[in-house]
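# Tertiary structure, described
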Amino acid sequence: MTDGPEIELEAPAPRRPGLLRAARAALAAAGVGEGHLAIALVEAHDIARLNHEHRGKEEPTDVLSFPVDGPGPTAGPRELGDIVICPEHTADLEEAVVHGVLHLCGHDHETDAGEMLALQSRVLAELARSSADHRGAPPAGGGGGPPPRGGWAAADRTRRPRPPGQRRDATTRAGFVALAGRPNVGKSTLLNRIVGTKVAIVSPRPQTTRRAIRGIATGEDWQLVLVDLPGSQRPRDALTERMQRRTERELRDSDAALVLLNGEQAVGPGDRFIAAAVTAARIPCVVAVNKVDALDHPRTVAALSAAAELELPPEAEIFPISARTGAGVQPLLEALVGLVPEGPYLYPPEEPTDLPAEVRLAELVREQVLARTREELPHAVEVEIDEIEDRPAGTLVVHAHLWAESESQKSILVGRGGGMVRAIGTAARGEIETLTGRRVHLDLTVRVRRDWRRDEALLDRLGIE
Ligand SMILES: Nc1nc2c(ncn2[C@@H]2O[C@H](COP(=O)(O)OP(=O)(O)OP(=O)(O)O)[C@@H](O)[C@H]2O)c(=O)[nH]1
Ligand SMILES: [Mg+2]
């Protein structure tokens, strides 16, 4: 028995699932059923250095392959080697992955009689066909045309916006959109509204979102992967430092950004800081002024003109919206679709998020903690799912625990006679049942771990990158 080849993708977030698919297809085409390889996406100066060291060429290039084990017998699964790709110098990342993988598998287009490039074309055509099938798009005419190009690296930022639902040929648009905004402006509420289901938890407390949560919205011919960023703020500990670093990284790696403002509050230094970060990331952006349901007309007008004062690229449009009621969200969505590049879908259209099940469930429990606690306590609690048991009778048994930072926090969370933890458990169980459509038994325990927010190993384990 084999689990198939193991592929490590060392790409700056967000994840690039299409690259793994391309690597698997190329391995299968080369007849490699087992082995390990790594793919790294790097900056131009890194690939230029490698190109110089290994090939004596001074300039950056698109892809380099470093095979390890040859096709002969090995003691264990084959160590295929590494592929290094520079997206900045690559027109088609999928093609680069397939090219690199075929090299690692022992093919060489410089010495063969055209076999490697023929195999590469076949793999790419097959990938294009399967992603068209996946989307339910009509098959490419006659099947003989060139495979469509992948859309990640070749983002053309000058395209005119095109409203969703309006099909043009068989092309699709897809991309990552970073939701940037101060804590509590309504980023998670908006993400859930656009995705159509609860992916990110919401609370009246600032800094509710700790991880960059991706929500996937798919229309007839577009897909937006919305990255719900933790609200930007001054880093105070390892946890908030990670949240901040994550924000900067996600912004750099996104195709577009949405700067969200809270219409109920004046534009402040936090908003200006975010505007500067978005401008520095040099990605197209739009601005949305949220919570206009709570504003009268003059206040809405004032909030919109304050938004126009932010230092953002002049083409950034401004939209008044209410994430809570949905007002104004459709035109905003259409503008966002216009900002992402043409290209194939990045995730299966039926998936609303790429969050692992454990994290989604843990967040639903944490949402109930946030709803019931005050002051410092909401920030002092994290939830970890220990185990999810799938009972044959159809019940899902979820074992989880709440981390608190001190005994006194623990006793608040447990509550008199266990009342608080029971209330959290009952409400969270309802949410988990709604999400999974299963009967759920939730087993919650409260534990103390001093300074968990500074505990890098625990943060790793909790998936807070
Ligand atoms: N009135 C009104 N309230 C809203 C709207 N959108 C969000 N809220 C409320 O604002 C609060 C914060 O919403 P979240 O979606 O958690 O905000 P966030 O920006 O994700 O916050 P962090 O994760 O802490 O950065 C919640 O109480 C929401 O119910 C809106 O359109 N109108
Ligand atoms: Mg949030």
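Rules used in this analysis
Residues numbered from 1 in each chain as written. Chains lettered and ligands numbered in written order. Predicted model: local features only at pLDDT ≥ 70, side-chain atom pairs only at ≥ 80, totals over all residues. Heavy atoms only, no water. Helix = DSSP H or I, 4+ residues; strand = E, 2+ residues; numbered from the N terminus. Buried < 20%, exposed > 50% of the residue type's maximum accessible area, 1.4 Å probe, protein only. Contact = heavy atoms within 4.5 Å. pLDDT = per-residue confidence, 0-100. Near = heavy atom within 4 Å. Polar contact = N/O pair within 3.5 Å; in protein donor to acceptor, adjacent residues only side chain to side chain. Areas by Shrake-Rupley, 256 points an atom, 1.4 Å probe, with all protein chains shown as cover. Nonpolar A, V, L, I, M, F, W, Y, C, P; charged D, E, K, R; others polar. Pairing = 2+ DSSP bridges. Axes fitted to C-alpha atoms, helices over the stretch in contact; angles between N-to-C directions. Parallel < 35°, antiparallel > 145°, perpendicular 65-115°, else oblique.

### Examining the environment of Leu-258
- In this fold, Leu-258 is placed in strand 8 (residues 256-262).
- Under the relative-accessibility criterion, Leu-258 is labelled buried at 0%.
- The spatial distance from the C-alpha of Leu-258 to the C-alpha of Leu-179 is 5.0 Å, given a sequence separation of 79 residues.
- Other than its neighbours up to four places away in sequence, Leu-258 contacts Val-177, Ala-178, Leu-179, Ala-180, Leu-190, Val-286, Val-287, Ala-288, Leu-332 and Leu-336.

### Things to note about the confidence of the model for the protein
- The predicted model of the protein averages 82 in pLDDT, with 85% of residues at 70 or higher.
- When mean pLDDT is compared element by element in the protein, strand 9 (residues 285-290) scores highest at 97, while helix 6 (residues 238-253) scores lowest at 75.
- Note on residues 134-169: pLDDT under 50 across the span, and 70 contacts to partners over four residues away in sequence or across chains.

### Regarding the site of ligand 1
- Around ligand 1, the surrounding shell holds 22 residues, and the nearest of these are Thr-189, Gln-207, Thr-208, Thr-209 and Asp-293.
- Measuring from an oxygen atom of ligand 1, one finds a side-chain N or O atom of Ser-188 at 2.9 Å.
- Residue Asp-293 places a side-chain N or O atom 2.7 Å away from a nitrogen atom belonging to ligand 1.
- In isolation ligand 1 has 650 Å² of accessible area, and contact with the protein removes 93% of it.
- Broken down by element, the shell around ligand 1 gets its largest block of residues, three residues, from helix 5 (residues 187-195).
- Here the residues of the shell around ligand 1 are counted per class, giving six nonpolar, 11 polar and five charged.

### Things to note about the sheet that holds strand 13 (residues 439-448)
- Taken together, three strands build an open sheet; the order of strands is 11-12-13 and the sheet is mixed. Edge positions in the sheet fall to strand 11 (382-390) and strand 13, since each of these pairs with one other strand and no more. In this sheet, adjacent strand axes meet at a mean angle of 20° when their direction is disregarded.
- Both strand 12 (residues 395-404) and strand 13 contribute to a ladder of 10 bridges, which runs parallel. Bridged to Val-397 within strand 13 is His-441.
- Its contacts with the sheet place helix 10 (residues 357-372) against strand 11, strand 12 and strand 13, and it is angled at close to 130° to strand 11.
- Relative to strand 13, helix 12 (residues 407-414) is tilted by about 155°, and along the sheet it contacts strand 12 and strand 13.

### A closer look at the packing of helix 12 against helix 13 (residues 419-436)
- In contact at an axis separation of 4 Å, helix 12 and helix 13 are set at 60° when each is read in the N-to-C sense. Judged on the interaxial angle alone, helix 13 and helix 12 are oblique. Listed contacts from helix 13 to Ile-412, Leu-413 and Val-414 of helix 12 are Gly-419, Met-420, Val-421 and Ile-424.
- Each residue belonging to the contact of helix 12 with helix 13 can be placed in one class, and the counts come to six nonpolar, one polar and no charged.

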